[in-house]
Amino acid sequence: MRRTASSALIERSLIGCILLTGCYAMGDKGRRDLISPLSSVSADQRAPRLLSQRYNERKLCIETAETVAAKGHAQEAIELYEKAEGLEPKRDPLDLQLAPLYAQTGDSRQAIERYRRAIESGKATAEAYNNLAWTLIESGQPNEAIEAVQEGLAAAPANERLRATQAVALYRLGDRVQSFEAFSELYGPAAAHHNLAVLDVDSGQFESAAEHAQLATSFPDCPTESVELHETIQSNLPATPATRSAARTPTSH
């Protein structure tokens, strides 16, 4: 059977642990290594040892998945976490580990399902609610994102990230006024204009982005990032009749 790139990466990650369990990732050789020591023991002695091996395999897969995910290999980490779940299916699923990885690989449906199952089990943190809301926003479900934020805020009403995500969801719904007010309440008007400018750029609304960026720079406490954003938008803004006319008008001194 031809080895895939992901299986090769997993094998390299597990090479130092092959003598322990192999995580069932090493093909026929790994299975022979596990089976042969059991041939000389009686049946009643095998069950405890197999249980211990499966526990160790699950633990090893989880630890290796964490390492692989930290290196940016989301799909390979998913395969390892799913393998760990399969080794002991009666144990708690690894929903909070897998959900963000599914989101990274573009599988919004599975990411949302995993986040929601974690929430239903009572294990979700404010971060999980926030990540669910962002996944819903990115999959074009801003109404559901606001519901997720509200659920999270019920448990953590002062959570800043949830409140900021709510402002983004309001923008995605088309409620720019409420979005601006939410950002302004959190960070002040200069930052609120800056954030709407960023969201406008992301939405392709460059003229509106330029207006908000300019308004952000009109405040004495505006951050340097707002000045840089305004300059960047202006330098990339397509010329309109108004801007071409302004460019031809001589400046009086």
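What you see is a predicted model, and the numbers here were worked out from it, not measured in a lab. (Residues numbered from 1 in each chain as written. Predicted model: local features only at pLDDT ≥ 70, side-chain atom pairs only at ≥ 80, totals over all residues. Heavy atoms only, no water.)

Caption draft 1: Molecular detail of the overall build of the chain. A tally of helices and strands in the chain yields 14 helices and zero strands. Helices (α) and strands (β) of the chain occur, in sequence order from the N terminus, as α-α-α-α-α-α-α-α-α-α-α-α-α-α. Every one of the 253 residues in the chain was classed for burial, and the buried ones make up 38%. A fraction of 46% describes how many contacts in the chain between residues 6 or more apart in sequence connect residues 24 or more apart. In the structure as shown, the chain presents an accessible area of about 15,000 Å², 52% of it carried by carbon and sulfur atoms. (Helix = DSSP H or I, 4+ residues; strand = E, 2+ residues; numbered from the N terminus. Buried < 20%, exposed > 50% of the residue type's maximum accessible area, 1.4 Å probe, protein only. Contact = heavy atoms within 4.5 Å. Areas by Shrake-Rupley, 256 points an atom, 1.4 Å probe, with all protein chains shown as cover.)

Caption draft 2: Molecular detail of the nonpolar core. Among the nonpolar cores identified, the biggest contains 26 residues, and Leu132, Leu136, Ala145 and Phe183 are the most heavily contacted of them. For this core, the secondary structure elements donating two or more residues are α6 (108-120), α7 (126-138), α8 (142-155), α9 (160-172), α10 (176-187) and α11 (189-203). In this structure Ala145 touches Ala133, Leu136, Ile137 and Ala169, once residues within four positions along its chain are discounted. Ile78, Tyr81, Leu87 and Leu101 belong to the second-largest nonpolar core, a separate cluster that totals 16 residues. (Core = buried A, V, L, I, M, F, W, Y, C linked by side-chain atoms within 4.5 Å.)

Caption draft 3: Summary view of the confidence of the model for the chain. The pLDDT averaged across the chain works out to 79; a share of 72% of its residues lies at or above 70. Low pLDDT (under 50) marks residues 8-47, which in the prediction has 45 contacts with non-local residues, meaning those over four places away or in another chain. Confidence drops under pLDDT 50 across residues 240-253; counting only partners more than four residues distant or on other chains, this segment forms three contacts. (pLDDT = per-residue confidence, 0-100.)

Caption draft 4: Expanded view of the packing of α7 against α8. Here α7 crosses α8 at 170 degrees, and the two axes come no closer than 8 Å. The angle between α7 and α8 places the two elements in the roughly antiparallel class. Note on element contacts: α8 touches α7 through Pro142, Glu144, Ala145, Ala148, Val149, Glu151 and Gly152, opposite Tyr129, Leu132, Ala133, Leu136 and Ile137. (Axes fitted to C-alpha atoms, helices over the stretch in contact; angles between N-to-C directions. Parallel < 35°, antiparallel > 145°, perpendicular 65-115°, else oblique.)

Caption draft 5: Expanded view of the packing of α9 against α10. At a closest axis distance of 7 Å, the pairing of α9 and α10 adopts a crossing angle of 160 degrees. On the basis of their axis angle, the class for α9 and α10 is roughly antiparallel. Here the hand of the crossing between α9 and α10 comes out left-handed. Judged by residue contacts, Glu160, Arg163, Ala164, Ala167, Val168, Leu170 and Tyr171 of α9 engage Arg176, Gln178, Ser179, Ala182, Phe183, Glu185, Leu186 and Tyr187 from α10. (Left-handed = near helix turned anticlockwise from the far one by under 90°.)

Caption draft 6: Region of the structure containing helix α5 (residues 95-104). Restricting attention to buried positions, one finds in α5 the residues Asp95, Leu98, Ala99, Leu101 and Tyr102. One or two positions beyond α5, positive phi appears at Gly106, with a value near 90 degrees.

Caption draft 7: Here's a closer look at the pattern of salt bridges. This model, assessed by the stated rule, comprises nine salt bridges. For the salt bridge of Lys123 with Asp92, the shortest nitrogen-to-oxygen distance reads 2.5 Å. Of this pair, Lys123 sits in the loop between α6 and α7 while Asp92 sits in the loop between α4 (74-87) and α5, and the two are 31 residues apart along the sequence. The class for Lys123 is partly exposed, based on a relative accessible area of 45%. With a relative accessible area of 47%, Asp92 lands in the partly exposed category. Arg163 is the salt-bridge partner of Glu185, the closest N and O atoms lying 3.3 Å from each other. With Glu185 in helix α10 and Arg163 in helix α9, this pair connects stretches of sequence that are 22 residues apart. Residue class for Glu185 comes out exposed when judged on its relative accessible area of 63%. On the basis of relative accessibility, which here comes to 26%, the residue Arg163 falls in the partly exposed class. One connected set of salt bridges, linked through shared partners, spans Glu85, Asp95, Arg114 and Arg117. (Salt bridge = Lys/Arg side-chain N within 4 Å of Asp/Glu carboxyl O.)

Caption draft 8: Main features of α7. Given a rise of 1.5 Å per residue, 13 residues ought to cover 18 Å, and the 18 Å separating the end C-alpha atoms of α7 matches this to within 8%. Taken residue by residue, α7 has Ala128, Tyr129, Asn130, Leu132, Ala133, Thr135, Leu136 and Ile137 as its buried positions. Here the buried face of α7 lies against α5, α6, α8 and α9. (Expected span 1.5 Å × (residues − 1).)

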